[in-house]
Amino acid sequence: MIIGVESTAHTFGVGVCHKGKILANVRDMYHPLTGGIIPIEAGKHHTAVAESLWKQALVDASITEKDITAIAFSYAPGLAPCLLAGMRFVKTKAKLLGIPILPVHHSIAHLEIGQSIGAKDPVLLYASGANTQIIAYASGKYRIFGETLDVGIGNCLDKIARAMHIPFPGGPHLEMSALRGKYHPLPYSVKGMDVSFSGLHNKALQLRAQGMSAEDVACSVQETAFAMLVEASERALAHTGKREFVLGGGVACNARLQAMCKAMCKARGVTFFCPAKPLLIDNGAMIAYTGELLFKKKLCISLPKLDIAPRERTDQVSVTWK
Ligand SMILES: Nc1ncnc2c1ncn2[C@@H]1O[C@H](COP(=O)(O)OP(=O)(O)OP(=O)(O)O)[C@@H](O)[C@H]1O
Ligand SMILES: [Mg+2]
């Protein structure tokens with residue numbers, strides 16, 4: 001029975017996993033009153049909600065603390081005050097219960113959870129707030145075949161939404177708005193397998209200032225940005241020859257992005273996977289699930305070695321549990 005704690009950014013989440021099955025997955029999101037995330041405030045939020053979410057997860061999984069074998073937590077990458085809040089909480093619990101800790105890389109958890117729905121060796125499009133990466137496993141590491149050269153896709157959507165007075169997170173609002181919009185061309189920037197969103201972001205705001213409707217802006221931004229992601233993903237599939245594709249991260253909740261990826265996979269004869277929404281946005285279940293993979297290989301960490309790594313990249317991690 002592995003319990004997983006997520007606290008890399010806006011969300012504090014606790015999940016429980018047993019033999020690959022998710023038994024609980026609860027979360028609480030920090031919402032800034034205005035503007036973007038204030039890391040210290042988000043960290044305080046996490047500390048405030050941690051205990052009650054922990055208890056709720058135990059209730060949902062119908063277990064007690066005594067049933068827990070190990071605690072997994074997301075040590076990287078993320079906002080330092082948020083990561084620290086999670087680490088302190090987990091350390092206290094592990095000491096109290098006398099159980100080991102499993103350090104899980106958040107981005108890799110977004111990847112590994114694709115296994116829970118059947119993907120074995122996919123190319124993954126990790127489209128979330130801070131990260132946008134096209135990833136596939138090769139020779140002991142999750143290699144990044146392409147990524148954003150500037151802002152993450154979710155943060156790009158959130159920033160455009162914020163400029164239109166839509167609160168954080170703006171992605172879901174833009175999705176609804178886009179349904180009523182028309183497409184206008186915006187800067188489309190794919191460089192090799194990398195993508196760049198700053199030109200699109202600036203142009204979208206210019207067009208809005210010149211009177212383009214919010215619906216048309218939303219539609220044009222989605223069509224352009226998502227097409228860029230699908231193009232780079234398709235190139236990674238062609239290059240690696242892999243036959244599976246996983247769409248993950250918070251932006252993967254978007255039905256338009258899902259439809260575009262599905263169409264590309266169908267055309268290539270590649271199997272498309274996309275986890276359910278509670279496993280796409282930041283959550284503790286994916287941390288518990290990945291933690292269990294580590295636990296099977298006895299990859300626990302001793303308390304003195306416990307630390308956070310706010311900037312550690314996906315491709316810096318040696319995947320020793322596969
Ligand atoms: N339906 C949607 N359409 C577009 N974007 C969405 C949708 N739902 C959520 N998002 C976006 O997903 C992002 C949050 O995703 P997630 O929780 O995985 O990211 P994060 O933790 O901020 O980033 P990372 O995983 O890179 O650290 C936000 O930017 C939000 O706007
Ligand atoms: Mg995330």
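A quick note: this is a predicted structure, and the numbers were derived from the prediction, not measured.

1. Re the domain arrangement of the protein chain
Here is step 1 of the chain: Each assigned domain of the protein chain is listed here: domain 1 (2-110 + 279-316) and domain 2 (121-276).
Here is step 2 of the chain: Between domain 1 and domain 2, the C-alpha centre-to-centre distance is 26 Å.
Here is step 3 of the chain: On the domain 2 side, the residues contacting the 13 residues of domain 1 number 19 residues.
Here is step 4 of the chain: In terms of residue class, the side of domain 1 that touches domain 2 is made up of 6 nonpolar, 5 polar and 2 charged.

2. Overview of the pairing of strand β4 (residues 70-76)
Here is step 1 of the chain: Taken across its 7 residues, β4 has 7 buried, putting it largely inside the fold.
Here is step 2 of the chain: In this structure, strand β1 (residues 2-6) lies alongside β4, joined through 4 bridges in parallel fashion. Residue pairing across strands places V5 opposite F73, the latter belonging to β4.
Here is step 3 of the chain: Of the strand pairs in this sheet, β4 and strand β5 (residues 101-105) are connected by 5 bridges, and their pairing is parallel. The residue of β5 that forms the bridge with I71 is I101.

3. Digging into the site of ligand 1
Here is step 1 of the chain: Contacts to ligand 1 come from 25 residues, most closely from G129, N131, G154, G171 and G250.
Here is step 2 of the chain: Residue assignment for the shell around ligand 1 shows that the elements contributing at least two residues are α4 (153-163) and α5 (171-178).
Here is step 3 of the chain: Top contributing element to the shell around ligand 1 by residue count: α4, with 4 residues.
Here is step 4 of the chain: Residues lining the shell around ligand 1 come from more than one domain, with at least three contributed by each of domain 1 (2-110 + 279-316) and domain 2 (121-276).

Cut-offs used in this document
- Residues numbered from 1 in each chain as written.
- Chains lettered and ligands numbered in written order.
- Predicted model: local features only at pLDDT ≥ 70, side-chain atom pairs only at ≥ 80, totals over all residues.
- Domains from an automatic or database assignment.
- Contact = placed C-beta atoms within 7 Å.
- Nonpolar A, V, L, I, M, F, W, Y, C, P; charged D, E, K, R; others polar.
- Buried ≥ 20, exposed ≤ 12 C-beta atoms within 10 Å, placed from the backbone.
- Helix = DSSP H or I, 4+ residues; strand = E, 2+ residues; numbered from the N terminus.
- Pairing = 2+ DSSP bridges.
- Near = placed C-beta within 6 Å.

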